[in-house]
Amino acid sequence: MDLFKNEGKIFVISGPSGSGKSTIANALLEEPDTVFSISMTTRKIREGEVDGVNYYFVTDEEYDRTVAEGGFLEHAEIYNHKYGTPKKPALENLKKGLNVILEIEMQGALQVKESYPDAVLIFVLPPSLKILRERIENRGTDSKEEIDKRMAATVKELDYLKDYDYYIVNDIKEVAVETVKNIMRIEKQKVKNLPANFIEEYIKE
């Protein structure tokens with residue numbers, strides 16, 4: 001019996017568009033017993049993305065049916081597109097002792113926290129809004145009007161920061177990634193994660 005083996009934890013990574021949250025979330029998969037929760041979305045697939053890897057790209061009808069069936073851990077509408085985290089695979093992975101990484105927006109993060117208070121919410125900040133705008137412009141996927149809209153939304157999104165457990169300033173990618181990994185390790189070492197009969201079983205061994 002592995003006394004130190006317990007259920008996994010949910011780690012939510014959020015941040016403004018262009019903050020680098022996807023890069024950080026993907027790097028976390030280097031940690032042991034860690035899996036990525038793939039979200040479902042109704043937005044169109046972008047160049048370089050793969051269905052079933054980056055997202056499950058679905059129709060509005062399929063998405064709405066999943067909502068009606070209670071099949072999402074969280075769901076939200078962002079920038080006129082719908083996003084949701086499929087519930088079944090996430091819960092199955094937690095029971096296996098795996099940490100589940102969710103890269104989702106703020107609305108969804110608060111839904112997860114409400115349902116699963118032990119979920120750890122991490123907010124990724126760019127070094128400045130000026131740098132954030134430059135990052136989005138350099139992607140070359142959005143028009144000026146869309147960028148202006150995203151920047152205005154970012155200012156509003158900063159209001160959610162107070163509801164998160166940790167923040168990360170993504171200036172140097174490697175430093176930001178290592179900081180999040182350290183948060184994950186610390187969270188797993190909290191005494192409350194140990195089973196109720198830990199001392200009794202520990203003495204026996």
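Residues numbered from 1 in each chain as written. Predicted model: local features only at pLDDT ≥ 70, side-chain atom pairs only at ≥ 80, totals over all residues. Heavy atoms only, no water.

**Here's the deal with the overall build of the protein chain**
Okay, so step 1: A tally of helices and strands in the protein chain yields eight helices and nine strands.
Okay, so step 2: By the compact-globule yardstick of 17 Å for 205 residues, the protein chain fits well, its C-alpha radius of gyration being 18 Å.
Okay, so step 3: Taken across its 205 residues, the protein chain has 44% of its residues classed as buried.
Okay, so step 4: Relative to all contacts within the protein chain whose residues are 6 or more apart in sequence, the contacts with residues 24 or more apart total 68%. (Helix = DSSP H or I, 4+ residues; strand = E, 2+ residues; numbered from the N terminus. Rg over C-alpha atoms; globule rule 2.2 N^0.38 Å. Buried < 20%, exposed > 50% of the residue type's maximum accessible area, 1.4 Å probe, protein only. Contact = heavy atoms within 4.5 Å.)

**Observations concerning the side chain of Glu187**
Okay, so step 1: Take Glu187: it is sitting in helix H7 (residues 173–188).
Okay, so step 2: Those residues in contact with Glu187 that sit more than four places away from it in its chain are Lys9, Phe11, Val120, Tyr166 and Asn193.

**Points about the packing of aromatic side chains**
To describe a pair of aromatic rings, one takes the distance between the centres and the angle between the planes.
Okay, so step 1: All told, the structure shown has five aromatic pairs when counted by the stated rule.
Okay, so step 2: Ring centres of Phe123 and Tyr164 lie 5.1 Å apart, and the angle between their planes is 85 degrees; this geometry places the pair in the edge-to-face category. In this pair, Phe123 is assigned in strand E8 (residues 120–125) and Tyr164 in the loop between helix H6 (144–157) and strand E9 (166–169), connecting sequence segments 41 residues apart. Grouping residues by exposure puts Phe123 and Tyr164 together as buried.
Okay, so step 3: Ring centres of Phe198 and Tyr202 lie 5.2 Å apart, and the angle between their planes is 25 degrees; on these two criteria the pair is classed as stacked. Of this pair, Phe198 and Tyr202 both sit in helix H8 (residues 198–204), four residues apart, which is roughly one turn of the helix.
Okay, so step 4: One aromatic cluster is present, formed by Tyr55, Phe57 and Tyr83 through successive ring pairs. (Phe/Tyr/Trp six-rings, centres within 6.5 Å; stacked < 30°, edge-to-face > 60°.)

**Looking at the sheet that holds strand E3 (residues 40–41)**
Okay, so step 1: Ordered by their spatial adjacency, four strands build an open sheet running E4-E3-E6-E5, and the pairing between neighbours is mixed. For this open sheet the edge positions go to strand E4 (56–57) and strand E5 (72–78), each flanked by a neighbour on one side alone.
Okay, so step 2: Bridge count between E3 and strand E6 (residues 81–86): two bridges; the pairing is antiparallel. Residue Met40 lies in a different strand from E6, and its bridge partner there is Gly84.
Okay, so step 3: On the sheet, helix H2 (residues 60–68) packs against E3, E5 and E6 and is oriented at approximately 135 degrees with respect to E5. (Pairing = 2+ DSSP bridges. Axes fitted to C-alpha atoms, helices over the stretch in contact; angles between N-to-C directions.)

**Points about the packing of helix H5 (residues 129–139) against H6**
Okay, so step 1: Running from amino to carboxyl end, H5 crosses H6 at an angle of 145 degrees, the nearest separation of the two axes being 11 Å. Between H5 and H6 lies a crossing of right-handed hand. Across from Leu129, Leu132, Arg133, Ile136 and Glu137 in H5, the residues of H6 making contact are Lys144, Ile147, Asp148, Met151, Thr154 and Val155.
Okay, so step 2: Classifying every residue of the contact of H5 with H6 gives six nonpolar, one polar and four charged. (Left-handed = near helix turned anticlockwise from the far one by under 90°. Nonpolar A, V, L, I, M, F, W, Y, C, P; charged D, E, K, R; others polar.)

**A few points about the pairing of E5**
Okay, so step 1: Burial runs high along E5: five of the seven residues are buried.
Okay, so step 2: Bridge count between E5 and E6: six bridges; the pairing is antiparallel. Paired with Ala76 across the bridge in E6 is Tyr83.
Okay, so step 3: Where E5 hands over to E6, the hairpin turn is made up of two residues, of which Tyr79 adopts a positive phi near 50 degrees.

**Concerning the layout of surface pockets**
Okay, so step 1: Space inside the largest pocket adds up to approximately 850 Å³.
Okay, so step 2: Around the largest pocket, the lining is made up of 34 residues, and of these Ser22, Arg46, Tyr55, Glu103 and Arg139 lie nearest the centre.
Okay, so step 3: At the level of elements, helix H1 (21–27), strand E2 (34–37), E5, E6 and H5 are the ones that each hand at least two residues to the lining of the largest pocket.
Okay, so step 4: Classifying every residue of the lining of the largest pocket by side-chain character gives eight nonpolar, 15 polar and 11 charged.
Okay, so step 5: Space inside the second largest pocket adds up to approximately 410 Å³.
Okay, so step 6: Every residue lining the second largest pocket is counted, 17 residues in all, and those nearest its centre are Phe4, Asn6, Arg185, Lys188 and Gln189.
Okay, so step 7: The element contributing the most residues to the lining of the second largest pocket is H7, with three residues.
Okay, so step 8: Taken together, the residues of the lining of the second largest pocket sort by class into four nonpolar, six polar and seven charged. (1 Å grid on protein atoms, 1.4 Å probe; cavity = no way out; pocket = protein on both sides within 12 Å on 5 of 7 lines; lining within 4 Å. Points joined across faces, edges and corners; volume = space filled by probe spheres on them.)

**What about a nonpolar patch on the surface?**
Okay, so step 1: A contiguous nonpolar surface patch, about 220 Å² in accessible area, is contributed by Leu129, Val155 and Leu158.
Okay, so step 2: Along the chain, Leu158 falls in the loop between H6 and E9.
Okay, so step 3: For Leu158, a relative accessible area of 31% translates into the label partly exposed. (Patch = residues over 30% accessible without salt bridge, like charges linked within 9 Å, V, L, I, M, F, W, Y side chains within 5 Å. Areas by Shrake-Rupley, 256 points an atom, 1.4 Å probe, with all protein chains shown as cover. Salt bridge = Lys/Arg side-chain N within 4 Å of Asp/Glu carboxyl O.)

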